[in-house]
Amino acid sequence: MRAFIINKPRDAGLIELPKPVPAPGELLIRVKACGVCGTDLHIYEGEFPVPLPRVPGHEFSGEVVEVGEGVKDFSEGDRVAVDPNIHCDSCYYCRRGRFNYCVNWQGIGLNRHGAYAEYVTVPVKNVYRVPDGLSYEAAAFMEPLACCIHGVDRVRAAPGENVAIFGLGPIGLLHVQLARLSGASKIIGIDLVDERLSMAEKLGADLTVNAAKEDPVKAIKQATRGHGVDVVVEASGSLKAFSQAIKVLDNTGRMLVFGVAPEGAKVEVEPFEIYRREISIVGSFTNPLTNERALKLLASGAVKVSPLITHKVGLKDVLTVFQAMKARDKKLLKALVIP
Ligand SMILES: [Zn+2]
Ligand SMILES: [Zn+2]
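Here goes a summary of the coordinates provided. All figures in this text were calculated on a predicted structure; none of them were measured in a lab.

Rules and cut-offs
- Along each chain, numbering runs from 1 in the same order as the chain's sequence is written.
- Here every chain gets a letter starting at A, and every ligand a number starting at 1, in the order they are written.
- pLDDT decides what is reported in this predicted model: residues at 70 or higher carry local features, side-chain atom pairs at 80 or more are listed and counted, and totals for whole chains, interfaces and linings draw on all residues regardless.
- The basis for the side-chain values is all heavy atoms of the structure; hydrogens and waters are excluded.
- Coordination partners: N, O, S within 2.8 Å of the metal, 3.2 Å for Na, K and Ca; water not considered, so apparent gaps in a site are possible.
- By the criteria applied here, four donors are tetrahedral when all angles lie between 85 and 135 degrees, four are square planar and six octahedral when opposite donors are over 155 degrees apart and every other angle lies between 65 and 115, and any other arrangement is irregular.
- When the centres of two rings from Phe, Tyr and Trp lie within 6.5 Å, Trp using its six-membered ring, the rings pair. Their planes under 30 degrees apart give stacked, over 60 give edge-to-face, and anything left gives tilted.
- Only DSSP runs of H or I reaching four residues or more are called helices, and only runs of E reaching two or more are called strands; each is numbered from the N terminus.
- Relative accessibility under 20% of the residue-type maximum defines a buried residue, over 50% an exposed one, and the middle range a partly exposed one, all with a 1.4 Å probe and only protein chains included.
- Any Lys NZ or Arg CZ that is within 6 Å of a ring centre and within 35 degrees of that ring's normal is treated as a charge sitting over the ring.
- The disulfide criterion used throughout: a pair of cysteine sulfur atoms within 2.5 Å.
- Strand pairing is defined by DSSP finding a minimum of two bridges between the two strands.
- Fitted lines through C-alpha atoms serve as axes, helices being fitted only where they are in contact, and the angles separating the N-to-C directions of these axes extend from 0 to 180 degrees.
- Any angle between 65 and 115 degrees counts as roughly perpendicular, while under 35 counts as roughly parallel, over 145 as roughly antiparallel, and the rest as oblique.
- Crossing handedness: left-handed means the near helix sits turned counterclockwise from the far one by under a right angle, and right-handed means the same turn made clockwise.
- Pairs of residues are marked as contacts when any of their non-hydrogen atoms sit within 4.5 Å.
- Only Asp, Glu, Lys and Arg are considered charged, only Ala, Val, Leu, Ile, Met, Phe, Trp, Tyr, Cys and Pro nonpolar, and every remaining residue, Gly among them, polar.
- What the arc covers is the set of directions going from the helix axis to the C-beta atoms.

Focus: the coordination of the zinc ion (ligand 2)
For the zinc ion (ligand 2), every protein donor is listed as Cys88 (SG), Cys91 (SG), Cys94 (SG) and Cys102 (SG), and the spread of their distances is 2.3 to 2.4 Å. One can describe the site at the zinc ion (ligand 2) as tetrahedral: its four donor atoms subtend angles covering 101 to 118 degrees at the metal.

Shown next as structure tokens:
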């Protein structure tokens, strides 16, 4: 089969690999669509510690073409989406239901081969049935959307609250839609790219701020009668945005740290402010137990992903997408690999 493989940092391309064979308890999936994620670029750049060579690709859907020994619930021809996070079910964290902290964690497309390939094998417990009528392309968003849902659960956005979202890439644009579904009274989107701001408006933002042109703290305070917002989602990973995000929180406000800042990077936080204003700062990591909800939101049309798909490429063109991501191509939101 054909696959896109990262051999070593900044050395990647097409390769012929033997078609994988499903082990007991596994399925062989013919990949139909796989999202390109910032993590894939980090692996290519050598900034994300996974053993190389590696076939990346962890946001995907496909068709079951072969079932391994002992698999009962799925058969050939089933349409599925895959959660890439394999947990062991028996470690300290798994026994507490905190699967995203499994000490024996494995990631499809991270420390085992992923879906930038014609075929991939996956454990049956990682597979979710794609509802009728939902396309493979939309189903490939199950994983990132499930991560966003976990974030919303963590920050407990309630009806009637106002929400600011910093960073309007594909993740921020999913958060805009989830904020609308949580019953937000006012959604404010912040980014540096006008194209993304107008997309956020189409998907439910009431107000957008281009932080390259105006001070988002001032603009958000102005739009909320000086109070600030109840909930802020930091989805950019930028340290500057992080500092601004804390400043726009109303008293008792909650901040979700969703964007990935470089490990070791620091920002100044004033403990007095957290104390005096009862501010909460919560993190959110991956997607424990939220995949079914993601698929249902996609199938009902409550969350729209087709406007986010700006590029579809074959395996031979993955590198051009990486280049576009690096160059911060304004037209690029989400690219899908269609093997
Ligand atoms: Zn991802
Ligand atoms: Zn575990």
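Observations concerning the packing of aromatic side chains
Applying the stated criterion across every chain yields a total of seven aromatic pairs. Both rings, one in Tyr101 and one in Phe285, keep their centres 5.8 Å apart while their planes meet at 35 degrees; by these two values the pair is tilted. Within this pair, whereas Tyr101 is found in the loop between strand 6 (85-86) and strand 7 (106-107), its partner Phe285 is found in the loop between strand 15 (280-283) and helix 9 (291-300), the two being separated by 184 residues in sequence. Take Tyr101: its relative accessible area is 39%, and that puts it in the partly exposed class. When its relative accessible area of 45% is taken as the criterion, Phe285 is described as partly exposed. These aromatic residues form a ring-pair network of at least three members: Phe4, Tyr44, Tyr116 and Phe322. When the ring centre of Tyr119 is taken as reference, the NZ or CZ atom of Lys19 above it lies at 4.7 Å. Of note, Arg79 hangs over the ring of Tyr136, and the distance from its end group to the ring centre comes to 4.8 Å.

Things to note about the coordination of the zinc ion (ligand 1)
The expected angle between donors at a tetrahedral four-coordinate metal is 109.5 degrees. At an octahedral six-coordinate metal it is 90 or 180 degrees. In this structure, Cys37 (SG), His58 (NE2) and Glu59 (OE) serve as the protein donors to the zinc ion (ligand 1), at separations of 2.2 to 2.3 Å. Written as a sequence motif, the donor arrangement for the zinc ion (ligand 1) is C-x20-H-E. Placement of the pair is Cys37 in the loop between strand 3 (26-35) and helix 1 (38-44) and His58 in the loop between helix 1 and strand 4 (59-67), with a sequence separation of 21 residues. Residue classification places Cys37 among the buried positions, given a relative accessible area of 14%. Its relative accessible area of 5% is what places His58 among the buried residues.

Overview of the state of the cysteines
Simply put, the disulfide is a covalent bond whose two ends are the sulfur atoms of two cysteines. One pass over the structure, following the stated rule, counts zero disulfides. Take Cys147: it sits in no disulfide, and the sulfur closest to it among the cysteines is that of Cys148, at 6.8 Å. A relative accessible area of 11% means that Cys147 is categorised as buried.

Section: the sheet that holds strand 15
Spatially, the six strands line up as an open sheet ordered 12-11-10-13-14-15, and their pairing is parallel. This sheet does not close on itself; its edge strands, each paired only once, are strand 12 (207-210) and strand 15. Pairs of neighbouring strands in the sheet enclose a mean axial angle of 15 degrees, with direction left out of account. In terms of strand pairing, strand 10 (residues 162-166) meets strand 13 (residues 229-234) through four bridges, oriented parallel. Bridge pairing in strand 13 places Ala164 opposite Val232.

So, the packing of helix 3 (residues 142-155) against helix 9
The description of two helices packed together rests on the angle between their axes and the distance between the axes. Two numbers describe how helix 3 lies on helix 9: the axes approach to 8 Å, and their chain directions differ by 110 degrees. What the angle tells us is that helix 3 and helix 9 run roughly perpendicular. Relative to helix 9, helix 3 is oriented so that their crossing is right-handed. Across the interface between the two elements, Met142, Glu143, Leu145, Ala146, Ile149 and Asp153 of helix 3 pack against Asn291, Arg293, Ala294, Leu295, Leu297 and Leu298 of helix 9. Taken together, the residues that form the contact of helix 3 with helix 9 break down as eight nonpolar, one polar and three charged.

Side note on helix 10 (residues 318-326)
Counting along an α-helix, one turn takes 3.6 residues, and residues three or four places apart therefore face a common direction. For helix 10, the complete set of buried residues consists of Val318, Val321, Phe322, Ala324 and Met325. Projected down its long axis, helix 10 carries its buried residues within an arc of 160 degrees, all on one side. Of the surrounding elements, those touching the buried residues of helix 10 are strand 1 (2-8), helix 1, strand 16 (309-313) and strand 17 (334-337). Looking one or two residues past helix 10, Arg328 carries a phi angle of roughly 55 degrees, positive in sign.

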